There are 2 protein chains.
Amino acid sequence: MQVTDTQWSQTEQEVAKAAFDKAYEREINALILEVREQASAIAHLDQMWGLHDFLSARRHDIDGKYDYRYSVLIFVFARLVKEGWLKLEELSGLDTDKIKKVAALSRM
Amino acid sequence: MQVTDTQWSQTEQEVAKAAFDKAYEREINALILEVREQASAIAHLDQMWGLHDFLSARRHDIDGKYDYRYSVLIFVFARLVKEGWLKLEELSGLDTDKIKKVAALSRM
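Right, let's walk through the structure included here. (Residues numbered from 1 in each chain as written. Chains lettered and ligands numbered in written order. Predicted model: local features only at pLDDT ≥ 70, side-chain atom pairs only at ≥ 80, totals over all residues.)

1. Regarding the overall build of chain A
Here's step 1: Secondary structure assignment for chain A yields 4 helices and 0 strands.
Here's step 2: Shown N-terminal to C-terminal, the secondary structure of chain A runs as helices and strands in the order α-α-α-α.
Here's step 3: For 108 residues, the compact-globule estimate of 2.2 N^0.38 gives 13 Å, and chain A exceeds it by more than 25% at 17 Å.
Here's step 4: When the backbone C-alpha atoms are referred to their principal axes, chain A occupies close to 50 × 20 × 20 Å.
Here's step 5: Contacts spanning at least 24 positions in sequence make up 68% of the contacts within chain A whose residues lie at least 6 apart. (Helix = DSSP H or I, 4+ residues; strand = E, 2+ residues; numbered from the N terminus. Rg over C-alpha atoms; globule rule 2.2 N^0.38 Å. Contact = placed C-beta atoms within 7 Å.)

See below:
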């Protein structure tokens, strides 16, 4: 399955950008809620360093995950669908073949 | 001023440990309050990474600062007094010469 050297039409680029931003916003908002909740429950030092470790891991994860290069976007979308940040229907407007690839990869 | 190869009597060790623990508890409790406050105000991603940077810096700082070796304890106490986590009076019971050294160093 060839997924990297894919062409993206102007319309597809707009759909892709909107879907990408939507997933990002959802994940960040969920993370902010989680951090607020964890922080409000801190009573001991180990919990505070636990929050620090959690933030370090999430920052690394998010920095790596949200990579908006067309050469990797199919993989990015597949991961976002798999993790629940994006629904496959939100990619509606992309070429059918791309959506099929995302769907297949998201089930791996 | 020779401050490293100092002898600590049993009584001095008890006073020193109690003062050290007291300062640590104060600083940690203040930090927990600060983190809870910062976290509750997070609305945007940059504020969340700001909290992460803040925690990274404080963790590094605290790990380095609270060094309970008798060879460096005079310096540690001087820093804690300078930063307001310890009062000079709380070292009462230590040899007068040690207290003078802490006082002098804390004003540097």
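Now that the structure is up, let's keep going.
2. Some details on the environment of B:Val81
Residue and element names in this part refer to chain B.
Here's step 1: For Val81, the position within the fold is in helix 3 (residues 73–83).
Here's step 2: Residue class for Val81 comes out buried when judged on the 21 C-beta atoms lying within 10 Å of it.
Here's step 3: Sequence-wise, Val81 and Leu33 are 48 residues apart; in three dimensions their C-alpha atoms are separated by 21 Å.
Here's step 4: In this view, Val81 contacts Leu86, Leu88, Val102 and Ser106; residues no more than four positions away in its chain are not counted. (Buried ≥ 20, exposed ≤ 12 C-beta atoms within 10 Å, placed from the backbone.)

3. Re the relation of the copies chain B and chain A
Mapping one chain copy onto the other needs a rotation about an axis and a shift along that axis.
Here's step 1: Superposing chain B onto chain A takes a rotation of 180° plus a shift of 0.0 Å along the axis, which leaves an RMSD of 0.0 Å. Seen this way, the second copy is the image of the first under a two-fold rotation axis.
Here's step 2: When the interface residues of chain B are mapped onto chain A, 100% of them again fall at the interface, so both copies present the same face. (Least-squares fit on C-alpha atoms with pLDDT ≥ 70 in both.)

4. A closer look at helix 3 of chain B
Here's step 1: Taken together, the buried positions of helix 3 of chain B are B:Leu73, B:Ile74, B:Val76, B:Phe77, B:Ala78, B:Leu80 and B:Val81.
Here's step 2: In the core, the buried residues of helix 3 of chain B are packed alongside helix 1 (10–40), helix 2 (45–65) and helix 4 (96–106) of chain B.

5. Description of the interface of chain B and chain A
Here's step 1: Taken together, the contact pairs 16 residues of chain B with 16 residues of chain A.
Here's step 2: When contributions to the side of chain B that touches chain A are tallied by element, the ones reaching two or more residues are helix 1 and helix 2 of chain B.
Here's step 3: With 8 residues, helix 2 of chain B is the single largest residue contributor to the side of chain B that touches chain A.
Here's step 4: The residue makeup of the side of chain B that touches chain A, split by class, is 11 nonpolar, 3 polar and 2 charged. (Nonpolar A, V, L, I, M, F, W, Y, C, P; charged D, E, K, R; others polar.)

6. Observations regarding the packing of helix 2 (residues 45–65) of chain A against helix 2 of chain B
Here's step 1: Viewed as axis vectors pointing N to C, helix 2 of chain A and helix 2 of chain B meet at an angle of 130°, and their least axial separation amounts to 10 Å. When the interaxial angle is binned, helix 2 of chain A and helix 2 of chain B end up oblique. You can see that helix 2 of chain A and helix 2 of chain B cross each other, and the crossing is left-handed. Facing helix 2 of chain A, whose interface residues are A:Trp49, A:Leu51, A:His52, A:Leu55, A:Ser56 and A:Arg59, helix 2 of chain B presents B:Trp49, B:Leu51, B:His52, B:Leu55, B:Ser56 and B:Arg59.
Here's step 2: Within the contact of helix 2 of chain A with helix 2 of chain B, the residues separate by chemical class into 6 nonpolar, 4 polar and 2 charged. (Axes fitted to C-alpha atoms, helices over the stretch in contact; angles between N-to-C directions. Parallel < 35°, antiparallel > 145°, perpendicular 65-115°, else oblique. Left-handed = near helix turned anticlockwise from the far one by under 90°.)

7. Re the packing of helix 3 of chain B against helix 4 of chain B
The geometry of a pair of packed helices is captured by two quantities: the angle between their axes and the separation between those axes.
Residue and element names in this part refer to chain B.
Here's step 1: Contact pair helix 3 / helix 4: the axes reach a minimum separation of 8 Å and the direction vectors enclose 50°. Looking at the two axes, helix 3 sits oblique to helix 4. Judged by the sense of rotation from one axis to the other, the crossing of helix 3 with helix 4 is right-handed. In this structure, helix 3 uses Ile74, Phe75, Phe77, Ala78, Val81 and Lys82 to contact helix 4, whose residues at the interface are Lys98, Lys101, Val102, Leu105 and Ser106.
Here's step 2: Split into classes, the residues belonging to the contact of helix 3 with helix 4 amount to 7 nonpolar, 1 polar and 3 charged.

8. Focus: the environment of A:Phe54
Residues and elements named next belong to chain A.
Here's step 1: With respect to the helices and strands, the residue Phe54 is situated in helix 2.
Here's step 2: With 15 C-beta atoms packed within 10 Å, Phe54 lands in the partly exposed category.
Here's step 3: Spatially, the C-alpha atoms of Phe54 and Val35 are 8.8 Å apart, while their sequence positions differ by 19 residues.

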